[in-house]
Amino acid sequence: MAESTRLSLTMADLAGSAGRTFGPSSWRQITQDEVDLFARVTGDDNPIHLDAEVAAATPFGTRIAHGLLTLSLVVPLMAEVFEVEDAGMGINYGLNRVRFPAPVPVGSRIRVSGEVRTASEVAGGVQIEVPVTFEVEDAAKPACVAELVLRYYR
């Protein structure tokens, strides 16, 4: 099992943080209740997520979490292992790339790890590009790989 690394930076440290890694976070189980709620909120009611019988007949053999549900869990999972202590505000500025190489079966557990790839000054703050990987416990391929673009302001 990989040892977790918590990366805690200050605004002064952030601009020079390229190459620093963090994670993995703790494992988080994905429940059918969460998948159902995400489907209701987003209107994505694809039966692969909601209908056990339909999902059983797919190549996955079971219900799976929405890819975007998995991606959205970057917020609580990353908060466990990455922080900018003295930022006045941090925002999700966007994504450069997102892929979902493998499904997240309902009931399985995921966790996230990442790296600060780049850090650059922007007006009033620092922008970082952060590739993250979501792994599924005991799975050969990651569930999601994404490059986040985050901005932190003083």
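Our structure's up above, just so we're on the same page.
Residues numbered from 1 in each chain as written. Predicted model: local features only at pLDDT ≥ 70, side-chain atom pairs only at ≥ 80, totals over all residues. Heavy atoms only, no water.

1. Observations concerning the pairing of strand 8 (residues 125–136)
Next up, step 1: For strand 8, a buried count of 9 out of 12 residues is recorded, marking the element as mostly surrounded by other parts of the structure.
Next up, step 2: Across 5 bridges, strand 6 (residues 109–115) lies against strand 8 in antiparallel orientation. Residue pairing in the sheet places Arg111 in a bridge with Glu135 of strand 8.
Next up, step 3: Two elements, strand 7 (residues 118–122) and strand 8, share 5 bridges in a ladder whose sense is antiparallel. Bridged to Glu121 within strand 8 is Val126.
Next up, step 4: Between strand 7 and strand 8, which pair antiparallel in sequence order, lie 2 residues; one of them, Gly124, sits at a positive phi of approximately 80 degrees.
Next up, step 5: With 10 bridges connecting them, strand 8 and strand 9 (residues 144–153) associate as antiparallel partners. By the bridge assignment for strand 9, Gln127 is matched with Arg151. (Buried < 20%, exposed > 50% of the residue type's maximum accessible area, 1.4 Å probe, protein only. Helix = DSSP H or I, 4+ residues; strand = E, 2+ residues; numbered from the N terminus. Pairing = 2+ DSSP bridges.)

2. Comments concerning the environment of Met89
Next up, step 1: By the secondary structure assignment, Met89 is in strand 5 (residues 89–99).
Next up, step 2: Along the primary structure Met89 and Arg151 are separated by 62 residues, whereas in three dimensions their C-alpha atoms are 8.3 Å apart.
Next up, step 3: If near-sequence neighbours (up to four positions away) are discounted, Met89 is found in contact with Arg151, Tyr152 and Tyr153. (Contact = heavy atoms within 4.5 Å.)

3. Examining the side chain of Gln32
Next up, step 1: Relative to the elements of secondary structure, Gln32 occurs in helix 2 (residues 32–42).
Next up, step 2: Since its relative accessible area comes to 13%, Gln32 is described here as buried.
Next up, step 3: Here the side chain of Gln32 touches Arg63 through a polar contact of 3.2 Å, side chain to side chain.
Next up, step 4: Those residues in contact with Gln32, other than ones at most four positions away along the chain, are His49, Leu50, Arg63 and Val106. (Polar contact = N/O pair within 3.5 Å; in protein donor to acceptor, adjacent residues only side chain to side chain.)

4. Brief notes about the nonpolar core
Next up, step 1: Membership of the largest hydrophobic core comes to 34 residues, with the highest contact counts inside it found for Met78, Phe82, Ile128, Val132 and Phe134.
Next up, step 2: No other element matches the 6 residues that strand 8 contributes to this core. (Core = buried A, V, L, I, M, F, W, Y, C linked by side-chain atoms within 4.5 Å.)

5. Let's talk about the pattern of salt bridges
Side chains that differ in sign of charge can pair as their charged atoms come close.
Next up, step 1: For the structure on display, the rule yields 6 salt bridges.
Next up, step 2: Arg117 is the salt-bridge partner of Glu147, the closest N and O atoms lying 2.5 Å from each other. Residue Glu147 is located in strand 9, and its partner Arg117 is located in the loop between strand 6 and strand 7; the two are separated by 30 residues in the primary sequence.
Next up, step 3: According to the relative accessible area criterion, Arg117 is partly exposed, its value standing at 45%.
Next up, step 4: With its nearest N and O atoms 3.7 Å apart, the salt bridge here joins Glu121 to Arg154. In this pair, Glu121 sits in strand 7 while Arg154 sits in the segment after strand 9, placing the two residues 33 residues apart along the sequence. Per residue, the accessibility class of Glu121 equals that of Arg154, and both read exposed. (Salt bridge = Lys/Arg side-chain N within 4 Å of Asp/Glu carboxyl O.)

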